[in-house]
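# Close look at the chain arrangement
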Amino acid sequence: MALTGKSAVVTGAALGIGKGLSEVLLQNGAKVALLDVKESAGQSLVESLNQQHGTGSALFLKCDVESEEQLKAAFQKATETFGGIDILCNNAGIMNEATWEKAVSINLMGVIRATYIALEHMSKLNGGKGGVIVQTASLAGLGPFPSCPVYTATKSGVVGFTRAMAAASAVSGYGIRFNALCPTFVQTEMITNIPARLGQFSHLNEVAEQLKEKLGVLSVSDVAESLLELVTDETKNGEALMILTKGKAYMQFPSP
Ligand SMILES: NC(=O)C1=CN([C@@H]2O[C@H](COP(=O)(O)OP(=O)(O)OC[C@H]3O[C@@H](n4cnc5c(N)ncnc54)[C@H](O)[C@@H]3O)[C@@H](O)[C@H]2O)C=CC1
Ligand SMILES: CCCCCC(=O)/C=C/C=C\C=C\C=C\[C@@H](O)[C@@H](O)CCCC(=O)O
């Protein structure tokens, strides 16, 4: 899929990885609706992006992925503004074991919620053009991260959901590809003050620090560049792309 003239929705787009994903999509010719709860950061980012890429290239919509109503309104506005949706990046997420129910609601349920709303706009069975949906999962979705069991569960669920939706789409004829980004640590706000985010597992902070030391830390652009591969390569469906400091690799899942 070439990106020129395509339209994307990115959740959690005001900061961090979502900001990087939005920027790389715009740099490659797509128009982007940036969804986030951080209204001030989102609005000022979109003003800057429109100055760089031309008025109307980027749109900010205040949206909490925990809200079905807000997601439906945001997707409707994006469709009306851009004439359709070709790409969805389900990126919004938190890591906080002390508020683990919220993490489940945002990281897993938010991905499911946004995906199902996107199907209404994107699926060829609903008159849509098809397209691609990319989830920002995590390396923690491919193997247990002892310091944050619920975060691990949400990301494992995102990987499983992505692979199942990829298969369902292929059989159903949605015309939509589903893939997951699985980065290691990335230099964003999420990895600042990790001990305060571990809740009852704060005694395992050293485990997290040792993993961070061992695996290293990516830049946002490392992740953003990897998105392009999953969006533009029409052969990619049901993939989990591991992004490590030593390079990238597609996860090879054991067949039953
Ligand atoms: N930073 C890291 O080391 C890694 C992060 N990830 C994942 O990448 C994604 C983005 O994380 P980062 O950019 O690192 O975090 P971040 O904290 O820098 O940015 C997250 C963005 O999502 C937004 N957000 C949070 N809850 C929301 C909600 N309910 N509705 C809408 N927007 C919401 C925040 O306002 C923020 O703009 C997350 O899903 C995270 O789990 C995956 C692997 C590594
Ligand atoms: C601590 C909060 C991080 C939140 C952001 C995020 O998603 C970061 C993930 C970074 C790395 C995840 C690594 C997971 C590794 C597991 O696969 C583990 O089982 C690997 C164990 C490797 C080892 O040598 O012990």
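Look a little higher up for the structure.
Summarised in this report is the structure supplied together with it. (Residues numbered from 1 in each chain as written. Chains lettered and ligands numbered in written order. Predicted model: local features only at pLDDT ≥ 70, side-chain atom pairs only at ≥ 80, totals over all residues. Heavy atoms only, no water.)

## With respect to the overall build of the protein chain
Applied cut-off: Each helix corresponds to a stretch of at least 4 residues labelled H or I by DSSP, and each strand to a stretch of at least 2 residues labelled E; elements are numbered beginning at the N terminus. Three labels apply to residues, based on accessible area from a 1.4 Å probe with only protein chains included: buried if under 20% of the type maximum, exposed if over 50%, partly exposed otherwise in between. Note on definitions: a residue-residue contact is assigned when non-hydrogen atoms from the two residues lie within 4.5 Å. Residue exposure ignores everything except the shown protein chains as possible cover, and the areas themselves are Shrake-Rupley values with a 1.4 Å probe. Neither His nor the chain ends contribute to the count of charged residues, in which Lys and Arg are positive and Asp and Glu negative. In plain terms, the charge of a residue is placed at NZ if it is Lys, CZ if Arg, CG if Asp and CD if Glu.
Each helix and strand counted, the protein chain has seven helices and eight strands in total. With the C-alpha coordinates aligned to their principal axes, the bounding extent of the protein chain is approximately 50 × 45 × 35 Å. Residues counted as buried form 50% of the 256 residues belonging to the protein chain. Across the protein chain, every contact between residues at least 6 apart in sequence was considered, and the portion connecting residues at least 24 apart equals 70%. Accessible area for the protein chain stands at about 11000 Å²; split by element, carbon and sulfur atoms hold 53% of it. Placing the 20 positive and 23 negative side-chain charges of the protein chain at their respective mean positions leaves the two points 4 Å apart.

## Thoughts on the nonpolar core
Going by this rule: Buried Ala, Val, Leu, Ile, Met, Phe, Trp, Tyr and Cys residues that are joined via side-chain atoms within 4.5 Å together make up what is termed a nonpolar core.
Among the nonpolar cores identified, the biggest contains 35 residues, and Val 9, Ala 33, Leu 35, Leu 71, Phe 75 and Leu 88 are the most heavily contacted of them. Residues contacting Ala 33, with those up to four places away along its chain left out, are Ala 8, Val 9, Val 10, Leu 59, Leu 61, Ala 78 and Phe 82.

## Some words on the packing of aromatic side chains
As a reminder, the rule being used: By convention, a stacked pair of Phe, Tyr or Trp rings (six-membered ring in the case of Trp) has centres within 6.5 Å and planes under 30 degrees apart, an edge-to-face pair has planes over 60 apart, and any other such pair is tilted. Geometrically, a lysine NZ or arginine CZ counts as sitting over a ring once it is within 6 Å of the ring centre and also within 35 degrees of the ring normal.
All told, the structure shown has two aromatic pairs when counted by the stated rule. Relative to Phe 185, the ring of Phe 145 has its centre 5.8 Å away and its plane inclined at 85°; by these criteria the two rings are edge-to-face. In this pair, Phe 145 is assigned in the loop between strand E5 (131-136) and helix H5 (149-172) and Phe 185 in the loop between strand E6 (176-183) and helix H6 (205-215), connecting sequence segments 40 residues apart. There is no split in this pair, since Phe 145 and Phe 185 are both buried. Between the NZ or CZ atom of Arg 163 and the centre of the ring of Phe 253, over which it lies, the distance is 3.6 Å. Sitting over the face of the ring of Tyr 250, Lys 236 holds its NZ or CZ atom 4.4 Å from the ring centroid.

## Describing the site of ligand 1
Our working rule: Any residue with a heavy atom positioned within 4 Å of a molecule or strand is treated as near that molecule or strand. Here a polar contact is taken to be a pair of N or O atoms separated by no more than 3.5 Å, where protein atoms must pair a possible hydrogen donor with a possible acceptor and residues adjacent in sequence count only if both atoms sit in side chains. Side-chain classes are defined by residue name, with Ala, Val, Leu, Ile, Met, Phe, Trp, Tyr, Cys and Pro counting as nonpolar, Asp, Glu, Lys and Arg as charged, and the others, Gly among them, as polar.
Among the 28 residues in the neighbourhood of ligand 1, the closest are listed as Asp 36, Asn 91, Tyr 151, Val 186 and Thr 188. Note that an oxygen atom of ligand 1 is positioned 2.5 Å from one of the side-chain N or O atoms of Thr 188. Contact with the protein chains hides 94% of the accessible area of ligand 1, taken as 820 Å² for the molecule alone. Listed by contribution, the elements that provide at least two residues to the shell around ligand 1 are helix H1 (16-27) and H5. Of the residues assigned to the shell around ligand 1, the class counts are 15 nonpolar, eight polar and five charged.

## Here we look at the pattern of salt bridges
We count it as follows: What makes a salt bridge here is a side-chain nitrogen of Lys or Arg within 4 Å of a carboxyl oxygen of Asp or Glu, nothing more.
On inspection of all chains with the given rule, the structure shows seven salt bridges. Between Glu 66 and Lys 102 there is a salt bridge, with its nearest N and O atoms 2.4 Å apart. Taken as a pair, Glu 66 in the loop between strand E3 (58-62) and helix H3 (68-82) and Lys 102 in helix H4 (residues 100-122) lie far apart in primary sequence, 36 residues in all. Judged by relative accessible area, Glu 66 falls into the partly exposed class, the value being 26%. Classification of Lys 102 by relative accessible area gives partly exposed; the value is 39%. Taking the shortest distance from any N to any O, the salt bridge between Arg 177 and Glu 234 comes out at 3.5 Å. Residue Arg 177 is located in strand E6, and its partner Glu 234 is located in the loop between helix H7 (220-232) and strand E7 (240-244); the two are separated by 57 residues in the primary sequence.

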